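Survey of secondary and tertiary structure
Chain residues, written in single-letter form:
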Amino acid sequence: MQLREVARRARVSMATIYKRYATRDELIVAALQWWMDANRYAGLAALADELPGDSLYADLMHVQRAIFEPWEQHPNMLRSYFQARSGPGGQGLIQHGIDAVVPVIKSILSSADPAFAKDLELILTGVIFGFLSQFAQGDIEVTDILPGIERAVYWLTNPPTD
């Protein structure tokens, strides 16, 4: 990404870009945060009130789809996010996502056994970051992430009966 191109597309001067963003990394993080708010987290807080409530599985997957379907439509944004989150300001991107997603997930898990809810959060976080890492390394396609998460959520919320 070249800052001249950003300034041209935004119809602002380079001086305006540099006044607002001290570094290129700050600009990238701000752009990613804006995109995630507009596409991934848009309406996520209100989603808790609209969940089907049929099952823990259905509610968790409703949220996961809202989060990951925009990435499927824009895989380069996911690559950019994954790269930026390990750079300057990247921790802010991660925290921004946590702040948007965790309250909704906690609301879904509020009726579950607290120990189970805590374990489930930890396991799903590991599964999700594992899929993101595999995608970033080129081992899987972006469209493999959501089905993998869905399988994990299914098996974690619907244990086999003997």
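None of these values were measured; they are calculated from a predicted model. (Residues numbered from 1 in each chain as written. Predicted model: local features only at pLDDT ≥ 70, side-chain atom pairs only at ≥ 80, totals over all residues. Heavy atoms only, no water.)

Some thoughts on the overall build of the chain
Each helix and strand in the chain was counted, giving nine helices and zero strands. From first element to last, N terminus to C terminus, the chain shows the α and β order α-α-α-α-α-α-α-α-α. When the backbone C-alpha atoms are referred to their principal axes, the chain occupies close to 65 × 35 × 25 Å. Out of the 162 residues in the chain, the part that is buried amounts to 34%. (Helix = DSSP H or I, 4+ residues; strand = E, 2+ residues; numbered from the N terminus. Buried < 20%, exposed > 50% of the residue type's maximum accessible area, 1.4 Å probe, protein only.)

Observations concerning the environment of E50
Structurally, E50 can be placed in helix α4 (residues 44-50). Look at E50 and you get exposed, because its relative accessible area is 55%. The spacing of E50 and Q83 is 33 residues in sequence and 33 Å in space, taken between C-alpha atoms.

Topic: the pattern of salt bridges
Overall, the coordinates contain four salt bridges when judged by the stated rule. A salt bridge links R65 to E150; its shortest N-O distance comes to 2.9 Å. Within this pair, whereas R65 is found in helix α5 (residues 56-73), its partner E150 is found in helix α9 (residues 145-157), the two being separated by 85 residues in sequence. A relative accessible area of 27% places R65 in the partly exposed class. Connected via shared salt-bridge partners are E5, R8 and R9. (Salt bridge = Lys/Arg side-chain N within 4 Å of Asp/Glu carboxyl O.)

With respect to the environment of K106
In this fold, K106 is placed in helix α7 (residues 90-109). Each C-alpha atom of the pair K106 and E121 lies 8.7 Å from the other, and the pair is 15 residues apart in sequence.

Notes on the nonpolar core
Counting residues in hydrophobic clusters, the biggest one holds 39 residues, and the most contacted among them are F68 and I145. Of all the elements in the fold, those that place two or more residues in this core are α3 (24-40), α4, α5, α6 (75-84), α7, α8 (114-136) and α9. If we ignore the near neighbours within four places in the chain, the residues touching F68 are I128, L132, I145, L146 and I149. (Core = buried A, V, L, I, M, F, W, Y, C linked by side-chain atoms within 4.5 Å. Contact = heavy atoms within 4.5 Å.)

Focus: the packing of α5 against α9
Put simply, α5 and α9 touch, their axes get as near as 10 Å, and they point 170 degrees apart. Relative to α9, the element α5 is oriented roughly antiparallel. Along this stretch, α5 crosses α9, giving a crossing that reads as right-handed. Contacts from L56, Y57, L60, M61, Q64, R65, F68, E69 and E72 of α5 reach α9 at I145, L146, I149, E150, V153, Y154 and T157. (Axes fitted to C-alpha atoms, helices over the stretch in contact; angles between N-to-C directions. Parallel < 35°, antiparallel > 145°, perpendicular 65-115°, else oblique. Left-handed = near helix turned anticlockwise from the far one by under 90°.)

Re the confidence of the model for the chain
Note: predicted coordinates in regions of low pLDDT should not be interpreted at a detailed level. Across the chain, pLDDT averages 86, with 96% of residues at or above 70. The secondary-structure element of the chain with the lowest mean pLDDT is α4, recorded at 70, while α9 shows the highest, at 96. (pLDDT = per-residue confidence, 0-100.)

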